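Here is what each chain is made of, one letter per residue.
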Amino acid sequence: MESLRASILLVEDDEPIRLVLSRVLSKAGYDVAQAADGREAIKRIAESLPDLIISDVVMPRLDGFGLVAMLRADPSTRMVPLILLSARNKHSDIVRGLDLGADDYLVKPFDGAELLARVRAKMVRPPVPFDLVPQDATAGILPVAHFNQEAAREIARTQRGGAPGVLAYVALNELSSGLRERMGTRSQTQLAAQVSALVDADRQPLDLLSRDSALRFPLLMPEMDVTTAKVRLAKLAYRIAAHSFVAGGERMRLTPTIGYTTFDDTTEASPAREALTALDVAATHLDLQPIRYHPSQNIAVSRKKAALEVALRPLLERLGALLLPPLQLAVLAFLAFGLPLTVYSSLARVGWDITPFAYLVVLLALLFTAGLIWAEGIAAMRRVDPPNDPQMVYPPASAIIAAYLPNEAATVTETIEAFLHLEYPGPLQIILAYNTPRTLPVEAHLRELAARDPRFVPIRVADSTSKAQNVNAALAAVTGEFVGVFDADHHPDARSFTRAARWLANGYDVVQGHCQVRNGDESWVSRMVAVEFESIYAASHPGRARLHDFGVFGGSNGYWKTNLLRETRMHGFMLTEDIDSSMRVVEAGYKIASDPHLVSRELATTTLKALWNQRLRWAQGWFQVSLRHTASGFQSSRLSLRQKLGFAHLLAWREIYPWISLQMVPILAFWAWRAGGIQYIDWFVPIFVLTTIVTQSVAVGQVYMAYVLAAPEIRKRTSWFVSYFFISFFFYTPLKNLIAMYAQIKELFRDRKWKVTPRGARGGGSAPAEVEAVQG
């Protein structure tokens, strides 16, 4: 239980005086902590925030004036009352101390009764910064009753034709009711004061902030349009996530959730109820994104909608399966073939043949892409290792394994055992963050593993529908200074965390490792994927990272500095939340390394159907990221020209290139139509022959570079590389281009239904059936 005695930090370099003052204060019923100077005081405050500070002025290292200035600049200590003591009765010293933010100034010598009277005055009537008056002095916020009155008055004003406004609720996700009760009133007030100070960084003159009994913070923003409010609330969420809170003698990082609604002259329902409803939705995502209220979030509406969906779902799914894909493919065929052919033919009829120019554009695009692929492979040939410091002290680390248990129950236990056998010189925590629609037998085994080994922490994430939500929820339990993110079928190398720590200790914020297939012998599809992954993770990713001066996080076997991941989060509304998070951190100026020698082994898909579904989701997710980040990357002041060109290649060009390369077909069709048959086309035009040789050499080069750079256990399967060359050349590369274009059509149709990739334990059992999911 929390002590009811008020706490005082006494800062005095003269030990006899410090001991005398400590006895006086202790006899008066206060808990007294001591520090010999300002620097030691800062350490004591970090360990436990006191109710009041008494500090001498003249001290070595950091004097009382410097201490006051530091405390008033920190939101977590800004409102702690502080009394200065000094033997110098100089008017200028007294004025300086009070101007810096001291709440009282006592000149030595003084008697104990006077000191205690001044202490009692500050305890009973704690001072409040001027800009927060007349708000709640204990936390710098309005009492909830006063806030409700002001909010009702403001809403009534808008209903009479006043300017619209926004009402938001801010909550701290980790503060369950049990934790709030355990923390006690004083710790809750300390947290509230820090939240208030973080709001102050962007507070407008008309804003009002309060705190309710559940430690939620209603924020009223009168005369505020919704776009501006959303930007302000998003910035507030990031400030809270980045802040290190001090309460009850401990430091903690907390995850804000924010729900908000608007009110204007048409408002009839309760804005507070709407904002709280949106807050509940935000609590299921934990991605720092403020959620605006929508009527569909209402439970009653949702239940009616759910009942309607249950009744109509079979019919809608059958109609969708019958009508939507053919319609999308028809649109794709028209845009890729029909429209260009129509344009070429129509222009030719009026005497303007643009196909030679179009043909040249296609050839240049093919040559440009071929050159980039060769450049990536050549750049990847040079091995780069992280610096190795034999004296390095390895920090605590954590692993987050995200899982959808019905789909991954067969693999997850094996995965956890693999992680428990990792070799890492520092403390290592393993978190399994999973969601499941029903209780499964494997959960009992997971609890047994956790009881056997305290390093393992299983977390069932309620109401989660995505990997992003699982990862975001797990961050509350992370104790490591850096965290590795993995899918549920990954088995990292024994010393992978050791190698990752070396990268992160030497200037990098994220490091992406090499994902290697461990079930390549199960089918021709898994063999193809095994070689493809070597081409991607051993050649393309490290090569691009060196060309672009930034890497990407690929969703698994990636290691983040914990504070950065807490501030970045994963956005569940993106189909490829990993690539989205990569672009956001690169745009913000952080560094991502790509290390092909940081290996983790995973299970590849084994059927063509599963591969199609997986790659279609990836392609659609990349398209979402391209739409979201291409322009913002070019506008980022933190990116160099080289990095901006990398954004153009990685995002814009990957979406445009399949359409350009496919234009060769309608061009040849037009020429055949005009010449009277394909047999009359001159196939031996020098530029065509040269381009064909160069572009087709890329297929050979890619396979060769993948072979040279591949992990030893994959490289010894030479036949896999030979078969991959032929499958890729004649089938897989055209299929991937088709998938990329089809994914764009699906996104334009807002068709975001996808199937979870089935996984089974290697070498045994059947994979669970595919599960459909819909991106919100």
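The structure this text deals with has already been given above.
Residues numbered from 1 in each chain as written. Predicted model: local features only at pLDDT ≥ 70, side-chain atom pairs only at ≥ 80, totals over all residues. Heavy atoms only, no water.

Caption draft 1: Layout of the packing of aromatic side chains. All told, the structure shown has 21 aromatic pairs when counted by the stated rule. Aromatic pair Tyr394 and Tyr424: ring centres 5.9 Å apart, planes at 80°, arrangement edge-to-face. Of this pair, Tyr394 sits in the loop between helix H11 (355-380) and strand S13 (397-404) while Tyr424 sits in the loop between helix H12 (405-420) and strand S14 (428-435), and the two are 30 residues apart along the sequence. Each of the two residues, Tyr394 as well as Tyr424, counts as buried. For the ring pair Tyr707 and Phe721, a centre distance of 5.2 Å and an interplane angle of 85° mean the geometry is edge-to-face. With Tyr707 in helix H22 (residues 686-709) and Phe721 in helix H24 (residues 718-748), this pair connects stretches of sequence that are 14 residues apart. The partly exposed category is assigned to Tyr707, whose relative accessible area is 31%. Taking relative accessible area as the criterion, Phe721 reaches 3% and is therefore assigned buried. Three or more aromatic residues joined by ring pairs make a cluster, and in this case those are Tyr394, Phe419, Tyr424, Phe482, Phe486, Phe497 and Tyr559. When the ring centre of Tyr508 is taken as reference, the NZ or CZ atom of Lys591 above it lies at 4.5 Å. (Phe/Tyr/Trp six-rings, centres within 6.5 Å; stacked < 30°, edge-to-face > 60°. Helix = DSSP H or I, 4+ residues; strand = E, 2+ residues; numbered from the N terminus. Buried < 20%, exposed > 50% of the residue type's maximum accessible area, 1.4 Å probe, protein only. Lys NZ or Arg CZ within 6 Å of the ring centre and 35° of its normal.)

Caption draft 2: Quick peek at the pairing of strand S16 (residues 482-487). Among the six residues of S16, six are classified as buried, and the element is accordingly described as predominantly covered. Covered by surrounding structure in S16 are Phe482, Gly484 and Phe486 together with Val483, Val485 and Asp487, the residues of both alternating faces. Where S13 lies against S16, six bridges are found, and the strand directions are parallel. Paired with Ser398 across the strands is Val483, a residue of S16. Alignment of S16 against strand S19 (residues 558-561), held across four bridges, turns out to be antiparallel. (Pairing = 2+ DSSP bridges.)

Caption draft 3: Structural context of the sheet that holds strand S20 (residues 592-602). Spatially, the eight strands line up as an open sheet ordered S15-S14-S13-S16-S19-S18-S20-S17, and their pairing is mixed. Taken across any chain shown, the strands that pair with only one partner, and hence form the sheet edges, are strand S15 (456-460) and strand S17 (491-492). One ladder, built from seven bridges, connects strand S18 (residues 510-517) with S20; its direction is parallel. Looking at the pairing, Val517 lines up with Glu602 of S20.

Caption draft 4: Main features of the sheet that holds strand S3 (residues 52-56). In space, the five strands of this open sheet follow the order S2-S1-S3-S4-S5, with parallel pairing throughout. The outermost strands of the open sheet, each flanked by one partner alone, are strand S2 (31-35) and strand S5 (104-107). Across the sheet, the mean angle separating the axes of adjacent strands is 20° when strand polarity is ignored. Sheet topology note: the strand S1 (residues 7-11)/S2 ladder contains five bridges and is parallel. (Axes fitted to C-alpha atoms, helices over the stretch in contact; angles between N-to-C directions.)

Purely spatial values, then, with no claim about function.
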